[in-house]
Amino acid sequence: MAIQESVADTVVRAPHDRAAWRGNGPATQLWVLTGRQIRAMYGDRRLALFGLLQPLIMLLLLSQVFGSMTRPAQLPHGVPYIDYLMPALLVTTGISSAQLAGIGLVKDMQNGIVARFRTLPVRLPLVLAARSLADLLRIFTELVVLLAFGTVALGFRPDGGAAGVVAALLLSTFVIWSLIWVFIALAAWLRKVEVMTSISVFFMFPLMFASSAFVPLDNLPGWLRVVAQVNPVTHAVGGARRLALGWDLGSAVPGALGAGAVVLAGAGFVAVRCFSRPPNE
């Protein structure tokens, strides 16, 4: 009789207990979701390896091709091309890698992972935050490997020293984080891998090459110089380059930080609003 009453009490209390549970706190949810993203990201070691090799190949190609074509007189006085190029690659490598955050989110939305999250007491904005942090860690690892390879193999020795290089790395990481949120916002809005890929390619190459990333602005044609001057990548690269080379910072670094903060806030707001829509809309 006592056992029957205990079972009956459990049956009566269970729905109430389930209704009262609201999940773990935001910090725990963010930690668990970010860990899940990192494990999924590095689940295939081949993809992780190629992700690390791709920036190194770009560094070798660009340093040898553009470096052989660029005369010392075209560069700032006393700056080797590898020292001029490396800070730019910190930013441009992040641009090409940031699009994978949006594509990964679309795949999660299509394979049912996000639908499962919607049935759980999970704060949906934290799903996006976890995605951004996991991809930021991936890109940060790529940039560190890129710097190490450039230093050991290609003689990257900027006048700003180690402190300047670390500052340039941190600035580039912040700018890249804002770009990650841009692609997350696009993914939450478009929800199709094919459309995401097309848009990413359409915007990525003009941002990278219509800038001061690979050659000084004075070496560009007049119309392209005008485009490069308003290109946000030019300002981000300029800030990273000034830090790495030990130049006067001027307004480049505050401008890059301010632009990154504005993009981060705007893209984050749009991403959360679009991600909150029902799956069939």
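The residue count restarts for each chain, going from 1 along the sequence in the order it is written. pLDDT decides what is reported in this predicted model: residues at 70 or higher carry local features, side-chain atom pairs at 80 or more are listed and counted, and totals for whole chains, interfaces and linings draw on all residues regardless. Only hydrogens and water are set aside when side-chain values are computed; all heavy atoms of the structure are taken into account.

Some details on the pattern of salt bridges
Now for step 1: Salt bridges, as used here, are contacts in which a Lys or Arg side-chain nitrogen is within 4 Å of a carboxyl oxygen on Asp or Glu. Evaluation of the coordinates by the stated rule reveals five salt bridges.
Now for step 2: Salt-bridge contacts for R36 lead to D108; the nearest nitrogen and oxygen are separated by 3.9 Å. Remark: D108 occurs in helix 4 (residues 81–110) and R36 occurs in helix 2 (residues 26–41); sequence separation between them is 72 residues.
Now for step 3: Between R131 and D108 there is a salt bridge, and its shortest N-O distance comes to 2.8 Å. Counting from the N terminus, the helices are the DSSP runs of H or I reaching at least four residues and the strands are the DSSP runs of E reaching at least two.

Side note on the packing of helix 4 against helix 6 (residues 124–153)
Now for step 1: Helix 6 packs onto helix 4 with a crossing angle of 150° between their chain directions and a minimal axis gap of 9 Å. As judged from the angle between their axes, helix 4 and helix 6 are roughly antiparallel. Read as a crossing pair, helix 4 and helix 6 show a hand that is right-handed. Along its contact with helix 4, which presents M86, L89, L90, T93, G94, S97, A98, L100, A101, G104, L105 and D108, the element helix 6 presents L128, R131, D135, R138, I139, E142, L143, L146, L147 and G150.
Now for step 2: In this classification, the charged set is Asp, Glu, Lys and Arg, the nonpolar set is Ala, Val, Leu, Ile, Met, Phe, Trp, Tyr, Cys and Pro, and all remaining amino acids, among them Gly, are polar. Of the residues that constitute the contact of helix 4 with helix 6, the class distribution is twelve nonpolar, five polar and five charged. Axis lines are fitted through C-alpha atoms, for helices just across the contact stretch, and the angle between N-to-C directions can take any value from 0 to 180 degrees. Comment on the angle field: the value is read as roughly parallel under 35 degrees, roughly antiparallel over 145, roughly perpendicular from 65 to 115, and oblique elsewhere. In this scheme the handedness of a crossing depends on how the near helix is turned from the far one: anticlockwise by less than a right angle means left-handed, clockwise means right-handed. Any two residues having at least one pair of non-hydrogen atoms within 4.5 Å are treated as being in contact.

Some words on helix 10 (residues 232–245)
Now for step 1: In this scheme, a helix's expected span is set at 1.5 Å multiplied by one less than its residue total. A rise of 1.5 Å per residue sets the reference length of helix 10, with its 14 residues, at 20 Å; its end C-alpha atoms lie 20 Å apart and thus fit the reference within 8%.
Now for step 2: Among the residues making up helix 10, those that are buried are V233, T234, A236, V237, G238, G239, A240, R241, L243, A244 and L245.
Now for step 3: Note on helix 10: the residue one or two positions beyond its end, G246, has a positive phi of about 75°. To sort residues, take the accessible area from a 1.4 Å probe on protein chains only and compare it with the maximum for the residue type: under 20% means buried, over 50% means exposed, and anything in between is partly exposed.

Details of helix 7 (residues 161–190)
What sets the pattern is the α-helix's 3.6 residues per turn: residues three or four places apart point alike.
Now for step 1: The end-to-end C-alpha distance of helix 7, which contains 30 residues, comes to 43 Å, matching closely the 44 Å that a straight helix rising 1.5 Å per residue would cover.
Now for step 2: Among the residues trailing helix 7, R191 stands out with phi positive, at a value near 65°.

Some details on the side chain of T93
Now for step 1: Mapped onto the elements, T93 comes out in helix 4.
Now for step 2: With relative accessibility at 7%, the residue T93 sits in the buried group.
Now for step 3: Contact partners of T93, with chain neighbours within four places excluded, come to P55, E142, L143 and L146.

A word on the confidence of the model for the protein chain
Now for step 1: Counting all residues, the mean pLDDT for the protein chain is 83, and 90% of those residues have values of 70 or more.
Now for step 2: Long-range and interchain partners of residues 1–19, a stretch whose pLDDT sits below 50, account for zero contacts in this model, where long-range means more than four residues apart. On a range of 0 to 100, pLDDT expresses the predictor's confidence in each residue.

Points about the environment of P158
Now for step 1: When you line up the elements, P158 lands in the loop between helix 6 and helix 7.
Now for step 2: Given the relative accessible area of 12%, P158 is considered buried.
Now for step 3: Taking C-alpha positions, P158 is 5.5 Å from D83, a pair spaced 75 residues apart along the chain.
Now for step 4: Excluding anything up to four places from it in sequence, P158 contacts D83, V165, A244 and L245.

Section: the side chain of R191
Now for step 1: Mapped onto the elements of the fold, R191 is located in the loop between helix 7 and helix 8 (193–209).
Now for step 2: With a relative accessible area of 13%, R191 lands in the buried category.
Now for step 3: At a separation of 3.0 Å, a polar atom in the side chain of R191 contacts the main-chain carbonyl oxygen of A188. Polar contacts, as counted here, are pairs of nitrogen or oxygen atoms within 3.5 Å of one another; within protein the pair requires one atom able to donate a hydrogen and one able to accept it, and residues that are adjacent in sequence qualify only if both atoms are side-chain atoms.

Quick notes on the packing of aromatic side chains
Now for step 1: Whether two aromatic rings pair depends on their centres lying within 6.5 Å, for rings of Phe, Tyr and Trp, where Trp uses its six-membered ring; planes under 30 degrees apart make the pair stacked, over 60 edge-to-face, and the rest tilted. By the definition in use, this model includes one aromatic pair.
Now for step 2: Note that R118 overlies the ring of F275, its terminal NZ or CZ placed 5.4 Å from the centroid.
Now for step 3: Either the NZ atom of lysine or the CZ atom of arginine qualifies as a charge over a ring when it sits within 6 Å of the ring centre and within 35 degrees of the ring normal. Cation over ring: R241 sits above Y84, and NZ or CZ is 3.6 Å from the ring centre.

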